[in-house]
Amino acid sequence: MPSEDQCPHSKNEFERPIGVPIGRTNLNFGPNETKRKTTMAEENTAGAAPEWVLAAGAHALASEDAMRFTHGGKCIAVYNLSGSFYATSGICTHEHAFMSEGYIDGETVECPLHQGLFNIRTGAALSPPVTKNLQTFKTKVENGQVYVLVE
Ligand code: FES
């Protein structure tokens, strides 16, 4: 069972071409396998340096929609609210549900499993059964690409 902030090891097509850290291209198997594992372990180390990660093309995510990606074992949801982009932990703080599959209404997202509400901008838990806030992440758009500062 993955921890609450980790996506399961899905082959979801959204998760492979996006969420690639800037400048990181060594994902080869074979002789580099040991190095690759070391890199992934380092990414999972708490306290790792924050890193801007490419999430998606700004035009690939429709307004009032969300998508998810994984980086260093973290699952992150990215939202487009009328052209402004926000990012939160991708997994609900109540149980294991993808926030990217939730219903977006204004600044709130409703969890698809038990309908707990969160504020997308702040991550604040707004209604039961959720009581714990979602972690939020800074975002930026450069050259038509959405980046998330993953800590
Ligand atoms: S899993 Fe999100 S409210 Fe229960």
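Since this is a predicted model, take the numbers as computed values, not measurements. (Residues numbered from 1 in each chain as written. Predicted model: local features only at pLDDT ≥ 70, side-chain atom pairs only at ≥ 80, totals over all residues. Heavy atoms only, no water.)

Colleague: I'd love a proper account of the overall build of the protein, names of residues and values included.
Modeller: Along the protein, the regular secondary structure elements total 1 helix and 12 strands. Element order for the protein, N to C, with α for helix and β for strand: β-α-β-β-β-β-β-β-β-β-β-β-β. Every one of the 151 residues in the protein was classed for burial, and the buried ones make up 39%. Surface exposure of the protein reaches about 8,500 Å², of which carbon and sulfur atoms provide 52%. (Helix = DSSP H or I, 4+ residues; strand = E, 2+ residues; numbered from the N terminus. Buried < 20%, exposed > 50% of the residue type's maximum accessible area, 1.4 Å probe, protein only. Areas by Shrake-Rupley, 256 points an atom, 1.4 Å probe, with all protein chains shown as cover.)

Colleague: Got a sec to walk through the pairing of strand β4 (residues 74-81)? Specific residues and values, please.
Modeller: Counting buried residues in β4 gives 8 out of 8 residues, a clear majority hidden from the surface. Of the two faces of β4, both are covered, the one formed by K74, I76, V78 and N80 as well as the one formed by C75, A77, Y79 and L81. As judged from the 7 bridges shared by strand β3 (residues 65-71) and β4, these two strands associate in the antiparallel manner. Paired with H71 across the bridge in β4 is K74. Hairpin connection between β3 and β4: a loop of 2 residues separates the two successive antiparallel strands, and G72 in this loop has a positive phi of roughly 55°. In this structure, β4 lies alongside strand β5 (residues 84-89), joined through 6 bridges in antiparallel fashion. What sits directly across from V78, in β5, is A87. (Pairing = 2+ DSSP bridges.)

Colleague: Which residues make up the sheet that holds β5, and what values go with them?
Modeller: Pairing is antiparallel in the open sheet, where 4 strands are placed in the order β3-β4-β5-β10. Among the strands making up the open sheet, the edge pair consists of β3 and β10 (136-137).

Colleague: Could you give an account of the pattern of salt bridges, with specific residues and numbers?
Modeller: Throughout the structure, instances matching the rule amount to 3 salt bridges. Among the salt bridges present, the one from R121 reaches E107, with a minimum N-O distance of 2.6 Å. With a gap of 14 residues between them, R121 in the loop between β8 (117-119) and β9 (125-127) and E107 in the loop between β6 (103-105) and β7 (108-110) connect regions that are remote in the sequence. In this structure, the salt-bridge partner of E142 is K140, at a minimum N-O distance of 3.2 Å. Overall, the relative accessible area of 24% leaves K140 in the partly exposed class. (Salt bridge = Lys/Arg side-chain N within 4 Å of Asp/Glu carboxyl O.)

Colleague: Give me the sheet that holds β9: which residues, what numbers.
Modeller: If you trace the 4 strands from one edge of the open sheet to the other, you get β6-β7-β8-β9, paired in antiparallel fashion. Two strands close off the open sheet at either side, each with one partner strand: β6 and β9. Across this sheet, the average inter-strand angle for adjacent strands is 30°, counted without regard to direction. Of the strand pairs in this sheet, β6 and β7 are connected by 3 bridges, and their pairing is antiparallel. Looking at β7, one finds that Y103 is bridged to E110. (Axes fitted to C-alpha atoms, helices over the stretch in contact; angles between N-to-C directions.)

Colleague: I'd like a description of unusual backbone geometry, backed by residues and values.
Modeller: With omega at 10°, the peptide bond leading from P128 into P129 counts as cis. Here P129 shows up in the loop between β9 and β10. Within the chain, E64 stands out as a residue other than glycine whose phi angle is a positive 65°. Along the chain, E64 falls in the loop between β2 (51-57) and β3.

Colleague: Requested: an account of the environment of V109, with residues and values cited.
Modeller: With respect to the helices, strands and loops of the structure, V109 is situated in strand β7. Assessed through its relative accessible area of 1%, V109 is described here as buried. It is 10.0 Å that separates the C-alpha atoms of V109 and D65, two residues lying 44 residues apart in sequence. Ignoring anything within four residues of it in the chain, the contact list for V109 reads Y79, M99, G102, Y103, I104, G116, L117, F118 and I120. (Contact = heavy atoms within 4.5 Å.)

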